[in-house]
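Chain and residue survey
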Amino acid sequence: METLFPETRATTTALPTDARPTLLEVRDLKVEFNIRGGVVKAVDGLTFDIRRGQTVGIIGESGCGKSVTARAILRMVPKPGKITGGEILYYRYSRYPNKEGKTKDIEVIDMTKLDPDGELVRQIRGGEIAMIFQEPMSSLTPVYTAGAHLNEAITLHRLLPVKKLGDQMVEKIMQYRPVTKEEAREIAIQMLRRVGIPKPEQRVDSYPHQLSGGQRQRVRIAIALSTEPYMLIADEPTTALDVSIEAQILDIMRELQQTANMAIMFITHNLGVIASMADEIVVMYMGKQVERAKVVDLFYNPKHPYTKALLQSVPKLGPKTGARLASIEGMVPDPLHLPTGCVFHPRCPAFMAGKCDKLVPNWTEVGQNHWVRCLLYEE
Amino acid sequence: MVNYLIRRIGYALIMVVLVSFVSFVIIELPPGDFLTQKVEQLRARGDRSAEQQVEMLRLRYGLDKPFLERYINWATNFLRGDFGESFEFERPVSEILGARLGYTVILALATTLITWFLAIPLGVISAVKQYSLTDQIISVISFIGLGMPGFLLALIIMYFAIIVFNLEVTGLFSPQFQDAPWSFAKFMDLLGHLWLPALIAAVTGIGGLVRIMRGNLLDTLGQPFVESARARGLKNRTVVWKHAVRIAINPLITILGAEVFPSIVVGSALVSIVLNLPTIGPVFVDSLRKLDMYLAGTCIVFLTIMLLVGNLVADLLLAWVDPRIRLE
């Protein structure tokens, strides 16, 4: 069965995550929703990059633009949303040789320039960048079996090598062919086994309503990983699950990430989950990126008042202190009428009158690879 | 599944018995019977032998017997294939309805097929291109179709066909095939005549189904599994048809059995009268007006059976397409 999982990419797991080659580069991304009452800037000037095999976490309150960012990368922003600026550069490592039998090393594709229904974007979507969503209960089409879902992804994106005996020059020339029905089923069963579904030979023929919530999310992960993607976008994958199932799912994701050398963009509002998963964290507030840092820096040395407030609002275990759980003052502003200056200033404990409500803060580097958007750190 | 099927057929049989009884009661409700009308007619003509004739008929049809006895008598004969005799035509009911029954079934099936083959694609286009010009046009037309009674449309089309295009649109056969034995040519002639009445009878159903399909599909397109399917890299068309329409269509199958099919059977009666089609509908309406009770009763029972079979087929179809129901 090993032949069904050819290692088709160079292993770079030996390198530390920030020295690995870049996989995805988001530059000043802007996404707007033109709705009846005006324009909502769902994502406004987001900049970050993801390296191969690295996990980047995106955190923020509901409605801060996390999910829209994820969808923008795959060109799946729902109507009436539009990408209005910036670039999403995807460093495409060709996996299979093209028709002339040649493999290009790296091709840089600006995702924002692609036709959202085009051939290329559909090859990348699901095949090279896979995505799983929050709702495990309704993420599978109710009338198709787990195997049918897996089969769909596998036959669409996977090719199998045909062993060629004659080596030309030094390199071994490989030829690829489409997966047959039987092989797709075999891969599907293997994938279900890898995500820890018991009796995968039987479960492959189960319909979604015959699976539990945790099993459905495992099936979703199996589908996403069955195409051996370079990157997985996980949009709150465990939010709807109970804590013990959440831990199992996170374990599976970590384990598969290591064996497959896959990057993960992990979107959540759960700080505990992100601390255990991510290498680097982007904090978003009202469509704007307010801070970006390595996970250790962010948790031990947060700079932006919003990040600090978020961290303080996490309940802590320990002896009773009688202290109330800290919360962030004020309300999330109306996205149609964002405050002037820094969008966080009406709720900010470090508010500086005459400054924060007038000036828009810039993206400033305050430490090594630690960026923040706050006037406290500007000259 | 077999159990389910047997249970459903059992219920259907009980339903037929109940409906036949209730319809018999309803036919009896208006004062007088067919013979009272006949007597009036004969009297008006000054026929003095009327009274004796009527007494003879009363005995012959057993109209002097109590109600329940007449019902049981009729029902048991029904099972033997003897549907009684029509007072009006003085011929066995089976003879009058025989060929008409077949045409009624054919017309209903053709109407159902046309309804589905037009309503579903139109509903899908309307939903996928929501708020576009195409959507607006389809919506306006389907509301007009929904609002216009089938017989009115039949009259309008007949007017234009005869006055403007000089076409013959009534009946199910061309004159030369009317009494000809069945042949391939006659069958093709039937198809050539059938599509127009079927389309007219389908219009109301199409109007409604387009709207329902559009609404269901818009709901389904917002479901996470549709987004998941798209995130797998599937083509837009595959996402819409294989994942969204496949789910959105399920309620339509139920509606087909419970609402559309009955309204086709009922609605086509009026269309049949206008277009002079040899279906059960016109005979049924006429028999009710003339209190021709055995004929009316037989029509009701056959229409009921058609509806129940339609319902059963819809339920089986639903179980076949939806594993959530099949595997219950």
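Structure's up top.
Presented here is a report on the structure given in the accompanying data block.

Rules used throughout
- Residues numbered from 1 in each chain as written.
- Chains lettered and ligands numbered in written order.
- Predicted model: local features only at pLDDT ≥ 70, side-chain atom pairs only at ≥ 80, totals over all residues.
- Helix = DSSP H or I, 4+ residues; strand = E, 2+ residues; numbered from the N terminus.
- Buried ≥ 20, exposed ≤ 12 C-beta atoms within 10 Å, placed from the backbone.
- Contact = placed C-beta atoms within 7 Å.
- Nonpolar A, V, L, I, M, F, W, Y, C, P; charged D, E, K, R; others polar.
- Axes fitted to C-alpha atoms, helices over the stretch in contact; angles between N-to-C directions.
- Parallel < 35°, antiparallel > 145°, perpendicular 65-115°, else oblique.
- Left-handed = near helix turned anticlockwise from the far one by under 90°.

Right, let's talk about the overall build of chain B for a bit. Looking only at helices and strands, chain B features 14 helices and zero strands. Secondary structure of chain B in N-to-C order comes out as α-α-α-α-α-α-α-α-α-α-α-α-α-α. Along the three orthogonal principal directions, the C-alpha set of chain B runs to about 85 × 55 × 40 Å. Taking all 328 residues of chain B together, the buried fraction comes to 34%. Sequence separation of 24 or more characterises 72% of the internal contacts of chain B that already satisfy a separation of 6 or more.

Residues and elements named next belong to chain A. Looking along the chain, the bond that leaves K79 and enters P80 is cis, with omega of 0°. Structurally, P80 is set in the loop between α1 (66-73) and β4 (81-93). Even without glycine at this site, E228 takes up a positive phi of about 50°. Along the polypeptide, E228 turns up in the loop between α6 (213-226) and β9 (231-235). In this structure E228 comes out as buried when scored by C-beta crowding, with 20 C-beta atoms within 10 Å.

Across the contact, 21 residues belong to chain B and 24 residues belong to chain A. For the side of chain B that touches chain A, the secondary structure elements donating two or more residues are α9 (224-231), α10 (236-248) and α14 (323-326) of chain B. The biggest single contributor to the side of chain B that touches chain A is α9 of chain B, with seven residues. By residue class, the composition of the side of chain B that touches chain A is nine nonpolar, five polar and seven charged.

All right, on to the packing of helix α5 (residues 93-128) of chain B against helix α6 (residues 133-147) of chain B then. Residue and element names in this part refer to chain B. Where α5 contacts α6, the two axes come as close as 8 Å, and the packing angle between them is 135°. Classified by the angle their axes make, α5 and α6 are oblique. The two elements α5 and α6 cross, and the hand of that crossing is left-handed. Seen from α5, the contacting residues are L122, I125 and S126; seen from α6, they are T134, D135, I138 and S139. For the contact of α5 with α6, the class distribution of residues is three nonpolar, three polar and one charged.

Turning our attention to the packing of helix α7 (residues 150-164) of chain B against helix α8 (residues 184-221) of chain B. All names here are of chain B. One way to put it is that α7 packs onto α8 with a least axis distance of 9 Å and a crossing angle of 140°. With respect to each other, α7 and α8 are oriented oblique. Once α7 is placed against α8, the crossing between them reads as right-handed. For the pair α7 and α8, contact is made by G150, L153, A154 and I157 and by I200, A201, V203 and T204, respectively.

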